[in-house]
Amino acid sequence: MTPEQEARVSIDALLTAAGWHVCNLADANIHAGSGPVKGVAIREFPLNPGFGVADYLLYVNGKAAGVIEAKKQGTTLTGVELQSAHSPLRGVFCLIFFGKGFRTNTHPRNI
């Protein structure tokens, strides 16, 4: 399994354990889930043309609420900020997954 695949397995498991409905874009329903707060994590969400994809786009009760970006340990947040500046999701919260854990983006205004 590649490091990317291992990270996805870890992230999927963490999100599922926390009660998120994890799905691919083709199967996405931003209102899925159970309970009063519905969390949906969509894998490989396309960003603006030419800027690739967000590893996960998070929806809460049908509204975009956050992004998860998986990066290798040792990746600087500066590089992530440059990438996230091109996201169509300005103002949403960004979580960065570094190999074995999460760290929040210290400048969510750039997302």
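No experiment lies behind these values; they were computed from the predicted model shown.

A. Local environment of the overall build of the protein chain. Scanning the protein chain from N- to C-terminus turns up two helices and six strands. Counted from the first residue to the last, the protein chain has its helices and strands arranged as α-β-β-β-β-α-β-β. Expressed as a percentage of the 111 residues in the protein chain, the buried residues total 34%. For the protein chain, the accessible area works out to roughly 6400 Å², and carbon and sulfur atoms hold 58% of it.

B. Quick peek at the pattern of salt bridges. Inspection of every chain in the model, using the stated rule, returns two salt bridges. As a salt-bridge pair, Glu44 and Arg8 come within 2.4 Å of each other at their nearest N and O atoms. Of this pair, Glu44 sits in strand S2 (residues 39-46) while Arg8 sits in helix H1 (residues 3-17), and the two are 36 residues apart along the sequence. In this structure, Asp12 engages Arg43 in a salt bridge whose closest nitrogen and oxygen atoms are separated by 2.9 Å. Of this pair, Asp12 sits in helix H1 while Arg43 sits in strand S2; the two residues are 31 residues apart in sequence, bridging distant segments of the chain.

C. Here's a closer look at the side chain of Asp12. By relative accessible area, which is 16% here, Asp12 ends up buried. Within the structure, the side chain of Asp12 is placed 2.9 Å from the side chain of Arg43, a separation counted as a polar contact. With residues near it in sequence (within four places) discarded, Asp12 still touches Val22, Arg43 and Tyr56.

D. The arrangement of the side chain of Asp55 in detail. Within the secondary structure, Asp55 sits in strand S3 (residues 53-60). Despite being buried, Asp55 has no salt bridge partner; Arg8 is the closest side chain of opposite charge, sitting 5.0 Å away.

E. Quick look at unusual backbone geometry. In the Ramachandran plot, Glu44 falls in the positive-phi region, its phi being about 50° despite a non-glycine side chain. Classification of Glu44 by relative accessible area gives partly exposed; the value is 32%. The backbone of Asn61 sits at a positive phi, close to 50°, despite the residue not being glycine. Topologically, Asn61 is positioned in the loop between S3 and strand S4 (63-71).

F. Structural detail: the pairing of S3. Within S3, six of the eight residues are buried, leaving the element largely enclosed by the surrounding structure. In this sheet, S3 lies alongside S2 in antiparallel orientation, the contact comprising seven bridges. Note that in S3 the partner of Val40 across the bridge is Tyr59. What sits between S2 and S3 in their antiparallel hairpin is a turn of six residues, with Gly50 showing a positive phi close to 90°. In this structure, S3 lies alongside S4, joined through five bridges in antiparallel fashion.

Conventions and cut-offs
- Residues numbered from 1 in each chain as written.
- Predicted model: local features only at pLDDT ≥ 70, side-chain atom pairs only at ≥ 80, totals over all residues.
- Heavy atoms only, no water.
- Helix = DSSP H or I, 4+ residues; strand = E, 2+ residues; numbered from the N terminus.
- Buried < 20%, exposed > 50% of the residue type's maximum accessible area, 1.4 Å probe, protein only.
- Areas by Shrake-Rupley, 256 points an atom, 1.4 Å probe, with all protein chains shown as cover.
- Salt bridge = Lys/Arg side-chain N within 4 Å of Asp/Glu carboxyl O.
- Polar contact = N/O pair within 3.5 Å; in protein donor to acceptor, adjacent residues only side chain to side chain.
- Contact = heavy atoms within 4.5 Å.
- Lys, Arg positive; Asp, Glu negative; His and termini not counted.
- Pairing = 2+ DSSP bridges.

Read these as geometric descriptors, not functional statements.
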